[in-house]
Amino acid sequence: MRLMLFMLLIILILSACVPADRYTTNTRTTPRSRYYQTARTTDSFPPSGEVYRVGSTFRWLTSYYGEEFHGKQTANGEIFNMNGLTCAHRELPFDTLLKVTNPITDQSVTVRVNDRGPFVKGRDLDLAQGAAQRIGLIDRGVKELLIEILTMPE
């Protein structure tokens, strides 16, 4: 009996030492978290009707995201860096490069699609906070910006 209790105690102690997988417990209940599983496993999305080609330009309502998602996994599997030059779009393929320009200040930044979103109705693009700072989007939060597709993966 002592041996069984001792073995049980050892098993409990060892099981407490196993590191938890940081991406298996997701307590958020936002649309982003419900969408996360499908976005992570597939790159096919309902078409918006827009045609995406290198050289195409758009005027998209753009916002930014940062601290809440910093250090968490993006839809393509990377770890999100809020100070990076990345963005989230619902349909564009991962690794698409976009030139994002603020038409008022004429500041621009090149970002890479590595996540899915935004999940707020009416918004077209979510920039990482670092990219938003470079073009003066932080003060406004949401703004219509000029977007040009520079490259798309084959």
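Residues numbered from 1 in each chain as written. Predicted model: local features only at pLDDT ≥ 70, side-chain atom pairs only at ≥ 80, totals over all residues. Heavy atoms only, no water.

## Section: the overall build of the protein chain
Part 1 of the reasoning: Secondary structure summary: the protein chain contains three helices and six strands in total.
Part 2 of the reasoning: Ordered by position from the N terminus, the helices and strands of the protein chain form the series α-α-β-β-β-β-β-α-β.
Part 3 of the reasoning: Taken over 154 residues, the protein chain has a buried fraction of 37%.
Part 4 of the reasoning: The contacts in the protein chain between residues at least 6 apart in sequence include a share of 74% that link residues at least 24 apart. (Helix = DSSP H or I, 4+ residues; strand = E, 2+ residues; numbered from the N terminus. Buried < 20%, exposed > 50% of the residue type's maximum accessible area, 1.4 Å probe, protein only. Contact = heavy atoms within 4.5 Å.)

## Focus on the nonpolar core
Part 1 of the reasoning: Membership of the largest hydrophobic core comes to 21 residues, with the highest contact counts inside it found for Leu98, Val100, Val111, Leu125, Leu127 and Ile147.
Part 2 of the reasoning: Put simply, the parts of the chain that give this core at least two residues each are strand 1 (57-65), strand 3 (97-102), strand 4 (107-115), strand 5 (125-128), helix 3 (129-134) and strand 6 (143-151).
Part 3 of the reasoning: Contacts of Leu127, omitting those with residues within four sequence positions, involve Thr62, Ser63, Tyr64, Tyr65, Thr86, Cys87, Val100, Val111, Ala132, Ile135, Leu137 and Leu145.
Part 4 of the reasoning: Residues Tyr65, Phe80, Ala88 and Ala128 belong to the second largest nonpolar core, which totals six residues. (Core = buried A, V, L, I, M, F, W, Y, C linked by side-chain atoms within 4.5 Å.)

## Points about the sheet that holds strand 3
Part 1 of the reasoning: The mixed closed barrel is built from six strands, whose spatial order is 1-5-2-4-3-6. Mean inter-strand twist for the sheet, computed between neighbouring axes without regard to direction, equals 45 degrees.
Part 2 of the reasoning: Looking at chain direction, strand 1 and strand 6 are connected through six bridges and run antiparallel. Considered in strand 6, the bridge of Thr57 is made with Glu148. (Pairing = 2+ DSSP bridges. Axes fitted to C-alpha atoms, helices over the stretch in contact; angles between N-to-C directions.)

## A few points about a nonpolar patch on the surface
Part 1 of the reasoning: Judged by side-chain polarity, Leu3, Phe6, Met7 and Ile10 come together as a nonpolar surface patch covering roughly 410 Å² of accessible area.
Part 2 of the reasoning: Topologically, Leu3 is positioned in helix 1 (residues 2-16).
Part 3 of the reasoning: Residue Leu3 is classed as exposed on the basis of its relative accessible area of 60%. (Patch = residues over 30% accessible without salt bridge, like charges linked within 9 Å, V, L, I, M, F, W, Y side chains within 5 Å. Areas by Shrake-Rupley, 256 points an atom, 1.4 Å probe, with all protein chains shown as cover. Salt bridge = Lys/Arg side-chain N within 4 Å of Asp/Glu carboxyl O.)

## Topic: the pairing of strand 4
Across a regular strand the side chains alternate sides, sitting on one face of the sheet and then on the other.
Part 1 of the reasoning: Where strand 2 (residues 86-88) meets strand 4, three bridges bridge the pair, whose relative direction is parallel. Note that in strand 4 the partner of Cys87 across the bridge is Val113.
Part 2 of the reasoning: Alignment of strand 3 against strand 4, held across six bridges, turns out to be antiparallel. Note on strand 4: the bridge partner recorded for Thr101 is Ser108.
Part 3 of the reasoning: Here strand 3 folds back onto strand 4 in antiparallel fashion, the turn holding four residues, of which Asp106 has a positive phi close to 65 degrees.

## What about the packing of aromatic side chains?
Part 1 of the reasoning: Applying the stated criterion across every chain yields a total of five aromatic pairs.
Part 2 of the reasoning: Taken together, a centroid distance of 5.7 Å and an interplanar angle of 70 degrees make the contact between Tyr65 and Phe69 edge-to-face. Residues Tyr65 and Phe69 agree in their burial class; the two are buried.
Part 3 of the reasoning: Sitting over the ring of Phe94, Arg116 keeps its end group 4.2 Å from the ring centre. (Phe/Tyr/Trp six-rings, centres within 6.5 Å; stacked < 30°, edge-to-face > 60°. Lys NZ or Arg CZ within 6 Å of the ring centre and 35° of its normal.)

Remember, this is a structural readout, not a statement about activity or role.
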